[in-house]
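# Close look at the chain arrangement
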Amino acid sequence: MDKYKLEYEMKTRGITIEKLCTELHISRSAFYRKCNGISEFTQGEIQRIVDYIGLDSPMGIFFADKVSEKTHHAASV
């Protein structure tokens with residue numbers, strides 16, 4: 001999870017952490033734990049964030065965009 005990308009997307013849309021937490025029905029402390037990797041967002045929470053913020057996809061924020069070294073090497077051979 002890339003909390004900096006999430007924060008950027010929230011800021012550009014004028015969405016505060018408080019508003020997002022209310023939408024997700026979680027506390028701010030739970031939100032911070034999830035953003036810092038102490039616990040994980042559920043699939044439902046990820047979908048609600050994507051819908052509420054208006055993202056096209058959760059990729060890049062919740063899932064890594066990078067290809068593994070092994071896959072990258074095999075594709076270039």
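In this report, the structure presented in the accompanying data block is examined. (Residues numbered from 1 in each chain as written. Predicted model: local features only at pLDDT ≥ 70, side-chain atom pairs only at ≥ 80, totals over all residues. Heavy atoms only, no water.)

### Describing the overall build of the chain
Along its length, the chain carries five helices and zero strands. Each helix (α) and strand (β) of the chain, taken in turn from the N terminus, gives the series α-α-α-α-α. Buried positions account for 27% of the 77 residues belonging to the chain. The long-range fraction of contacts in the chain, counting pairs at least 24 apart against all pairs at least 6 apart in sequence, stands at 51%. Surface accessibility of the chain: about 5,500 Å² in total, with carbon and sulfur atoms responsible for 53%. (Helix = DSSP H or I, 4+ residues; strand = E, 2+ residues; numbered from the N terminus. Buried < 20%, exposed > 50% of the residue type's maximum accessible area, 1.4 Å probe, protein only. Contact = heavy atoms within 4.5 Å. Areas by Shrake-Rupley, 256 points an atom, 1.4 Å probe, with all protein chains shown as cover.)

### Section: helix α4 (residues 43-53)
Those residues of α4 that sit buried are Glu45, Ile46, Ile49, Val50 and Ile53. The buried residues of α4 occupy one face: seen down the axis, they fall within an arc of 135°. With respect to the buried face of α4, the exposed residues turned more than 90 degrees away are Gln43 and Asp51. Where α4 is buried, its residues contact α1 (3-12), α2 (17-24) and α3 (28-35). A positive phi of about 90° marks Gly54, the residue just after α4. (Arc of directions from axis to C-beta.)

### Examining the packing of aromatic side chains
Taken as a whole and assessed by the stated rule, the structure comprises three aromatic pairs. With a centroid separation of 6.0 Å and an interplanar angle of 70°, the aromatic rings of Phe31 and Phe41 are classed as edge-to-face. Of the two residues, Phe31 is situated in helix α3 and Phe41 in the loop between α3 and α4; the sequence distance between them amounts to ten residues. For Phe41, a relative accessible area of 10% puts it in the buried group. Chaining the aromatic ring pairs together yields one cluster made of Phe31, Tyr32, Phe41 and Phe62. (Phe/Tyr/Trp six-rings, centres within 6.5 Å; stacked < 30°, edge-to-face > 60°.)

### Structural notes on unusual backbone geometry
A positive phi angle is found at His25, which is not glycine, with a value near 60°. With respect to the helices and strands, His25 occurs in the loop between α2 and α3.

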